[in-house]
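# Remarks on the overall topology
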Amino acid sequence: METRTAKMTFSSRIGNMRRETLADREQQLVVLHQQILLEREALMHTSSSHLQLSTRSAASTASVSPAEASVRNARLLKDIENLDQDLKAELTSVPSPKFVTLQNNYWSMVRSMLPLWEESLSGLSSTISQQRQHLQRHTQQHSASLPQGQRSQPSGREKGKSVTYSRATK
C-alpha cells in the first residue's frame, strides 16, 4: 500500500508540474497574443492615416487651376521641342573619329568572318546568300551615308592579309 501511495504521490507531483508548466506556457501565449493584437492595431492605425493622407494629397493635386495646367503644359511642350531639336542635331552631326574607326573595324571583321560563318552553316546556302546580299546592301548604304574622307577602306584580310584592329584611346 505504501508503494501505491508513493506512486500516486510521485505521479501527482509530475501531473502538478506538467500543469504548472502548461499554465506558465499558456500565460506566455496570452501575453504574446496581446502584444500581437496591440501591434496589429498600431499598424492598422498607421495604414489608415497613411491612406487618408495620400487621398488628401491626390485630391489637392487634382484641383489644379486651368491657368496653372496650361503653364505646365506649355513648359512640357517646350521641353519636348528642345529635346527633339537636340536629337535631330545629334543625328545630323558627324560622328567622332573614334566611333568611325570602331565602326569600320567592326564591319571589316564581319566581312572577313563571313566566309567562315558560311562554311559552318553550309547546309543553309539559300539563307546565307540572302544574308550576304543584305550585308552588301547595308555596307553600301553605310558607306554612302558617310562623308568622303570617312568611308571604309577595304580591309587587309580581304586582300589576303591579316587585319590589325586598332584600339580607340581617349
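Look above for the structure.
Residues numbered from 1 in each chain as written. Predicted model: local features only at pLDDT ≥ 70, side-chain atom pairs only at ≥ 80, totals over all residues. Heavy atoms only, no water.

The secondary structure content of the protein amounts to four helices and zero strands. Here the protein, with 170 residues, has 11% of them falling under the buried criterion. Looking at the protein alone, contacts between residues at least 24 apart form 68% of all its contacts between residues at least 6 apart. When the accessible area of the protein is evaluated, it comes to approximately 14800 Å², of which 59% is carbon and sulfur surface. (Helix = DSSP H or I, 4+ residues; strand = E, 2+ residues; numbered from the N terminus. Buried < 20%, exposed > 50% of the residue type's maximum accessible area, 1.4 Å probe, protein only. Contact = heavy atoms within 4.5 Å. Areas by Shrake-Rupley, 256 points an atom, 1.4 Å probe, with all protein chains shown as cover.)

Counted according to the given criterion, the structure contains one salt bridge. Between Lys 88 and Asp 84 there is a salt bridge, with its nearest N and O atoms 3.5 Å apart. Here the residue Lys 88 and the residue Asp 84 both occupy positions in helix α2 (residues 66–92), the gap between them amounting to four residues, near one helical turn. Exposure remark for Lys 88: the relative accessible area of 52% places this residue in the exposed category. (Salt bridge = Lys/Arg side-chain N within 4 Å of Asp/Glu carboxyl O.)

What follows is about a nonpolar patch on the surface. Taken together, the side chains of Leu 29, Leu 32 and Ile 36 define a hydrophobic patch exposed on the protein surface, amounting to about 270 Å² of accessible area. Checked against the element boundaries, Leu 29 lands in helix α1 (residues 2–62). Residue classification places Leu 29 among the partly exposed positions, given a relative accessible area of 42%. (Patch = residues over 30% accessible without salt bridge, like charges linked within 9 Å, V, L, I, M, F, W, Y side chains within 5 Å.)

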